[in-house]
Structures are given as structure tokens and as C-alpha cells.
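Spelled out, the chains give:
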Amino acid sequence: MNRKKWVVSSCDRDVAATIAENCGVDPFAAYLLCSRGMTDEFEIESFLYDTDLIDPYTLPDMEKAVERVNKALENGERITVFGDYDCDGVTSTALLYSYLSSRGANVDYYIPDRSAEGYGMNLGAIDLLKSRGTNIIITVDNGISAVEEVAFAKTLGIDVVVTDHHRVGEVLPDAVAVVDPHREDSLCEFSDWAGVGVAFKFISALDNSEGYELLEQYGDIVALGTVADIVSLKGENRIIVRSGIAFMNAALEEGSLRCGLKALLDASGSSGVLDSSSVAYRIAPRVNAAGRMGSAERALKLILSENRAEAKEIAEEISDLNAERQATETQITASAVEYIEANPEIKNKRVIVVEGEDWHQGVIGIVASRLVEKYGKPCIVISKNGDVAKGSGRSIDGFSLYEALSYCGDILVQYGGHVLAAGLTIESDKIEAFREKINEYAGKTDAAVPILKIDCKLNPSSINVDMLSSLKLMEPFGAENPQPLFGLYNMEITSIQSIGAGKHLRLTLRKKTAFITVVMFSFPFSESPYMEGDRVDLVVKLCENEYQGKTQLSVQAKAIKFSNVNEDELIASLQLYEDFCGCSEVTEEMKEKISVNRDFCGNIYKYLRGVNGWKYSTEALCYRLGLPPQRMAACQISLDILTELGIINFKDGKYTIPAQTVKNPLENSKIFQKICL
């Protein structure tokens, strides 16, 4: 189901007015806060202005961890920081390594290779570290599940201190200390740090401080890792990211920004003031690309570098890897889509499982995200390499991928993850059985519908540049505090223009006497089913543009649909179509809802012939045909019947009319027989 349901948040205007008055915030900002469920004045004051950092000793085992590491510092023992290859793991490693180095520690680091070693500690790495003389290993962004590995290290005489932010399993590693805010015995009031956030609390405890001076020194690194790991930007994470970005901007203006970060910004072409979006989309992907496509140690060396020439060289190398990552991701995504489209029995299942030979494991998680966005349902992408295959999945709200994998645990070699993201290892010959079993699980749950959350509706006549200051008050944006989205409803299109060499659209819209211009990026004119005079609804974000030293407001559309369409009926009909495709026997109730006949199919064919084919969505076709939304399934089934009979052709998302008219009775269609028999 590639159609999201638009949901506008509710807000009590009287409550919002009270918030504005009592908290001293702009009425528009107060309304947005209220629409996001923040009505308690103390919570709002804390969200907007809190700078208090949490006592690091409220995390479990912190005292034990500090005691053991201080002993190692005093005795000159060899300490190894054991990190991870993603941006969170790299920044965690850089943070702890830098701090311990500043304390004169005998310290090195180790980051496993994604392809050769995989995530987390492993026995071979521990053997290697023993040969190097390591006395104590400190894990960052990993370790909570390394029960066997920690036990092995202990047999070699290596002590382990675990610092991690992942969920705790049934058994804790037998380490000297296990610092993880998700432990059941944790008394900490906050638990949503990234790995680098937990590492920051650790160095704060080692420094015997609350962390304010450390945040000034290392806030850029902590902010980068926190934003990259897409953890909640509420509570202390909000303080960390807000402070870290402020320090980065101040250093950027002074010319003292960390060499590696400045080199990455230059390589990305970024300019101007940094915010969470520029960190998330300019810097973080490049750091991640090193671990995905090459060596994460290069990214670590870049962050640690104090030499501008060296930083420039590594940043350009990493940017090249990021470009390679993008190309590889695009190629695999295209292959996956081609496979899915060629196999409707896979496409129409509640969970899409798609596999390919030797797909790059460093990007299959990103590909899964792209497929979720395209198909609006949980997707798992599996890369086969001989007898063993590895997969990465992404989900939507309402469907726990981790629970689904747990249901399939008996046919998986290994799995782990969270509600919305997970990974797995499986024997290649069991992929089809896995596909069936995970969809068996999905069939026992309520069908999840992708949601597009809208903060509030706007009247186009009320949109002005002053709103930007209200939005800035709510920054930094990220997980659980996304950039606000607004609804423009029942707008008449008065003009459609192609811009950016046909890659983007500029729409001029009217509501009563108010006109507004909206830009839709990555929405080619050739793919737009809309025409002048159509009435549409849009989801937009408000952005700031600088032109000739003057601040201007830019309205950018994130989604568009025809107005006055009953979404519940439309989505129910889409779900009905998928259920029809996936069932072997059609119930009488289903037949009644999706009934089609010669006249119905004939009218669709006549319309397609009259407009020389169709390359837009079935939803748009229904709208042009004047069909009610509950007939969406019937419309799509009719298209399938006509295609099956060769009366129309379907390829690359387009329906075309054959040069020679084909006459073929509906009764010859297996799809038609499925409905009528």
C-alpha cells in the first residue's frame, strides 16, 4: 500500500493561547507545541529552555566502570576502545579515545570491519587485542549482547567495561561494568541516548563533572553521533544537539571548527549556518559511507585529524565513497523494484521480502528504507552469498519488525533489532519459507497503515516570514521532534511549471483571494497527474531562504492529493485489493465489493484509449473516471484483467494501448474467473 493516510493533529486553541501567555512564546509556536501533545507548562519550559545535564552516576555500574578505568590510567595499562562502523560508533570511539588520550592514557582503538567481522565484539578481534597487549576493553555503541565474547576475554585476562545504548537481553555480559540506560535496574530518568551519548556520560563521570565543559570541547562529536543515530531529540539529547550545533556554528564563524568536520562540510558543498538537517544529510551520511563502502577507521582518523591537508584528503576520499554508496544503493533499489513489480505475489503481500545475489550488505538497509517509502509497508532486503544470506529490514508504525522476526526465529540463523529496523542471517534455501512465515505473522495482526502526520492546517493568507522564528524555537529537529508539516486544503491549481530541467514542479495555488507558490522537489512534470483547475490538498514545510541578504519564506510540498476524497474508504479499498491478490479463495463479501463486469472494464478501456494510455496512479485514474474511492480495488482489478488478456499492455509503470486492437472475452481471464466463479 503506497498511500499514506493524512492525520492532522488536534489542538485546543484555548490551551494553546494559555501556553503562549504563561510561557511567553509566540502563539504559533504555542499552537505547534500543543498539537504535539505538550500542554504541561513545566514540560514546555523544559523542552524549550532546559540546560540541565543528568548526573552520570545515575546510570547503572557507572561507579564500577570509573573505578576500573581510573585504575588502568594510574597503572599505565593498555586500554582499547572497541567501537562500531556506523557514525554513532565512530563518534563514540573518537570521543572516548580523545578524552582518554587527553588524560595521558595508554590507549588505542578497534573498529570491526562490516563485511569481514560484522557488528560488535568477536573472538578473533579479542585474540588480536590480547596479542597487542590490551589489558582492558571499553566498548562503545556495542557490547550489551556480547555474552560469549566478554566471557572469552575474561579467560584471556582482559577486563571488559561495556558502554552501550541498545536493548538489554535476558543475560548481561559478565563484565567489570555494564553501563546501559536500558537495564531494568537503571534509576536514570532518561534512557534514549545514542551510543555516543552514553560514552559522553562515561567521560563526564571519569572527569568527575556534570559535563558542561566537556560538552563545549566535544559537543560537535556528540551532536553528530546523536543526530546520525536517529534517537529521540527530546530530553538530554535535545540539550546535547542544540549545544553541539551552537558550538559548531561558533567555531565555524571563528575558523576553529574541527579540521575533519570542516573538511567534510567543504567536500559536501555545504555553506551557511549549520542545523540538525545539515548535520543529518551532509555530514553523517559521509561518515557512514566510510563504514559501508570502505573502512570506518578512515572516518575515525578524519574526526581525530588536526592536519588540514590530511583532513581534506580523507574528506574527499570519504565523499567519493558516499557517491559510490549512492550509486550502489540506486542500482540495488532499481533491481529490487524490478523484481517486486515482476512478481505481484510478492508485491501484494503485507511484508515484502526481496532477495538478490551479492547485493552490497552496506546499503541494503537503506534500500529497505527506500522500498518502505515506495510501497508503504514493511520491507526486508536480503543479500545472498552462497549458502548464507543476510538481510536488513525497515517497517512502519504499527508493525513490530522485531516481533515478526521473533515469530520466524526457528528458521533464522540469527536476528536482532528494534520495532522499525532489524537485521537477520538466514540460510539461502530458507528464504521462501521465511517469506511465507513472516506474512503468516502479518496476517494475524491488524494491517498497518502508513501515516503522514500533519501538525496543523494553514490558511494560505496567514503564511508569512514571521513564522520562521517560531519554527527556530523548536529546533533542533529530528526523531520525535520532526520539522513541522502543515496542511493546505482545497487549493485550486492556477499554474503548473516545470523547473530544474524537468526534475521539479512549481505550483501556483489559490484559495478564495489568497495565492501561494509551492515548490515540489523530485516530482517531475512528466509524472504529475494534476492539471490547472484541479482542487488539491498539500502537505508542506516552511523553509528559510537567504537572497541578497534578505530572509525569504519558501513553501515546499512534501505530498499532494486530490481534494474531497474519503481517505478511509480509499485505503480500505487498497487493502482489499492486496487481500484479494493474496487469497486463494474469494469470499462472497469480497466479490460484492470488487465486482466488475464487461461495462465497467469497457469504460476503463475506452478512457485509456481516449487519453492514449495511462502512466499515473490508479487513484488518479479513479478520480478522472469519477469513481468513488471504494471502487479503487475494482478499478485496479479491471486493469489487471485487461492486461492479462492483452487488451492493454503494462510495462515500467505505464499502461499502453496495443497498435492492433485485441479482442478477448473477460471469461478467459483467470482473475475474472476468480471473482465470478
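Up top you'll find the structure we're talking about.
Numbering of residues starts from 1 in each chain and follows the order in which that chain's sequence is written. Residue-level local features of this predicted model are given only where pLDDT is at least 70; pairs of side-chain atoms are given and counted only at 80 or more, and the full residue set underlies all totals for whole chains, interfaces and linings. Think of the side-chain values as coming from all heavy atoms in the structure, minus any hydrogens and water.

1. Considering the nonpolar core
Then, in step 1: In this text, buried Ala, Val, Leu, Ile, Met, Phe, Trp, Tyr and Cys residues form a nonpolar core when linked through side-chain atoms within 4.5 Å. Relative accessibility decides the category of a residue: with a 1.4 Å probe and only protein chains considered, values under 20% of the type maximum give buried, values over 50% give exposed, and everything between is partly exposed. Leu458, Phe486, Leu488, Leu509, Val518 and Leu538 are the most contacted members of the largest nonpolar core, which has 79 residues in total.
Then, in step 2: Numbering goes from the N terminus for both helices and strands, where a helix is a DSSP run of H or I of at least four residues and a strand is a run of E of at least two. Here the element with the most residues in this core is helix 24 (residues 632-644); it accounts for eight residues.
Then, in step 3: Throughout, a contact is declared for two residues whenever any of their heavy atoms are within 4.5 Å. Ignoring anything within four residues of it in the chain, the contact list for Leu538 reads Trp6, Phe486, Gly487, Leu488, Met491, Leu507, Leu509, Val518, Ala557, Ala559 and Ile560.

2. Remarks on helix 3 (residues 41-49)
One turn of the α-helix equals 3.6 residues, which is why residues spaced by three or four share an orientation.
Then, in step 1: Regarding helix 3, the residues found buried are Ile44, Phe47 and Leu48. Along the axis of helix 3, the buried residues cluster in a sector spanning 90 degrees; they form a single face.
Then, in step 2: Residue Asp40 occupies the N-cap position of helix 3, its side-chain oxygen lying 3.1 Å from the main-chain nitrogen of Phe42. Picture the helix axis, draw a direction to every C-beta atom, and the arc is the one those directions span. Between N or O atoms, a polar contact is any pair within 3.5 Å; within protein, one atom must be a potential hydrogen donor and the other a potential acceptor, and residues adjacent in sequence are included only when both atoms are from side chains.

3. Concerning the pairing of strand 16 (residues 514-520)
Then, in step 1: With five of seven residues buried, strand 16 lies mostly within the body of the structure.
Then, in step 2: Between strand 15 (residues 504-511) and strand 16, which pair antiparallel and follow one another directly, the connecting turn spans two residues, one of which, Lys512, has a positive phi of 60 degrees. For two strands to count as paired, DSSP must find a minimum of two bridges between them.

4. Focus on the side chain of Ser35
Then, in step 1: Relative to the helices and strands, Ser35 is located in helix 2 (residues 27-35).
Then, in step 2: Within the local environment of Ser35, its side chain forms a polar contact with the backbone oxygen of Leu32, the two atoms lying 2.7 Å apart.
Then, in step 3: If we ignore the near neighbours within four places in the chain, the residues touching Ser35 are Ser9, Ser10, Cys11 and Asp455.

5. Brief notes about the packing of aromatic side chains
Then, in step 1: Aromatic pairing here means that ring centres of Phe, Tyr or Trp (its six-membered ring) are within 6.5 Å. Orientation follows from the plane angle: under 30 degrees is stacked, over 60 is edge-to-face, and everything else is tilted. Going through the model one piece at a time under the given rule, you end up with 13 aromatic pairs.
Then, in step 2: Within the aromatic cluster, the residues linked to one another by ring pairs are Phe399, Tyr407 and Tyr441.
Then, in step 3: Only Lys NZ and Arg CZ are tested; either one counts as a charge over a ring when it is within 6 Å of the ring centre and within 35 degrees of the ring normal. In this arrangement the basic side chain of Arg238 is found over the ring face of Phe47, its NZ or CZ atom lying 3.7 Å from the centre.
Then, in step 4: Over the face of the ring belonging to Phe580 we find Lys674, whose NZ or CZ atom lies 4.5 Å from the ring centre.

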